[in-house]
Structures are given as C-alpha cells and as structure tokens.
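Examining the three-dimensional arrangement
Each chain, written out:
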Amino acid sequence: WTAFTMCVSGLIILFLVKWVNARYFKKFPLPGQLIVMVLFTLLTWLFQLNEAPFNLRILREIPQGFPVPDVPHFQGHFVQLFRQAIPLAVMVYVIHISVAKTVGKKHGYR
C-alpha cells in the first residue's frame, strides 16, 4: 500500500502544481515532476520506507552508458509478426491515401 499511496499522492501533487502553474506561474512554471521526485526521494530517505514495515523497493544502482547494439532474435515469431504486420501496413496505407486526397481536394491539386 505504500507504493500505491505514494503514486496517488504524487499524481495529486502533479495536478496541484499544474493548477498553480496555470493560475500563478504562467511565464515561468514550476517543474512538477522534479518536485515530486525530490519530495518522495527525501521522504523515502527520512522515514526509511525501504525497510520494514513498509518494504518499499528502491533502485539502488542506475546503469550507465548505452547497451551494446544487437540484432533482435525472432526465432519462430517471424510468421506471427508478419501476419499482424500486413493488415497494419494496409491500414496505414489507406489512411495516408485518404489524408492525401483530403489535402489535395482542399488545395485544388489534381
């Protein structure tokens, strides 16, 4: 329940910061995401929420650098992916043609 409570309260804080920014800080808005991150990092550290009875899991080490590029391994999934890709490609093609015809009609293209 600790993680759920932090999530809901973080969303509430984000909405409040958005409201305050719209009302009072139009030219230089407050960074809501940064405020929530710093606030909950401090709360977790001060109240030791990663220990019992709360047992909130925290990220201990952040990986550095980029992963080594690798070719994806499909092995048997290619046919299944291809079956799903064909209707998607047809749908995207039809949408693009429709948009092109609409723009052409609007601007008088032949």
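1. Quick word on the side chain of Thr-44
On the secondary structure map, Thr-44 appears in helix α2 (residues 32-46). Its relative accessible area of 13% is what places Thr-44 among the buried residues. Among all residues touching Thr-44, those that are not within four sequence positions of it are Met-6, Leu-49, Asn-50, Leu-56 and Ile-58.

2. Notes on the nonpolar core
In globular proteins that are soluble, nonpolar side chains generally tend to be buried together. Grouped together as the largest cluster of nonpolar side chains are five residues: Met-6, Val-36, Phe-40, Leu-49 and Leu-56. Other than its neighbours up to four places away in sequence, Leu-49 contacts Met-6, Leu-43, Thr-44, Phe-54, Asn-55 and Leu-56.

3. Things to note about a nonpolar patch on the surface
The grouping of Phe-74, Phe-78, Val-79, Leu-81, Phe-82, Ile-86, Val-90, Tyr-93, Val-94 and Ile-97 at the surface amounts to a nonpolar patch, some 950 Å² of accessible area in total. Within the element layout of this structure, Tyr-93 appears in helix α3 (residues 78-107).

4. Thoughts on helix α1 (residues 2-23)
Over its 22 residues, α1 runs 31 Å from end to end, which matches the ideal 32 Å to within 8%, given 1.5 Å per residue. Of all the positions in α1, only Met-6, Gly-10, Val-17 and Asn-21 are classed as buried. Looking straight down α1, one finds its buried side chains confined to an arc of 40 degrees; they lie on one side. Residues Phe-4, Phe-15 and Arg-23 are exposed on α1 and point more than 90 degrees away from its buried face. Buried positions along α1 lie against α2.

Rules of the game
Residues numbered from 1 in each chain as written. Predicted model: local features only at pLDDT ≥ 70, side-chain atom pairs only at ≥ 80, totals over all residues. Heavy atoms only, no water. Helix = DSSP H or I, 4+ residues; strand = E, 2+ residues; numbered from the N terminus. Buried < 20%, exposed > 50% of the residue type's maximum accessible area, 1.4 Å probe, protein only. Contact = heavy atoms within 4.5 Å. Core = buried A, V, L, I, M, F, W, Y, C linked by side-chain atoms within 4.5 Å. Patch = residues over 30% accessible without salt bridge, like charges linked within 9 Å, V, L, I, M, F, W, Y side chains within 5 Å. Areas by Shrake-Rupley, 256 points an atom, 1.4 Å probe, with all protein chains shown as cover. Salt bridge = Lys/Arg side-chain N within 4 Å of Asp/Glu carboxyl O. Expected span 1.5 Å × (residues − 1). Arc of directions from axis to C-beta.

Scope: geometric values only; no functional claims are made or implied.
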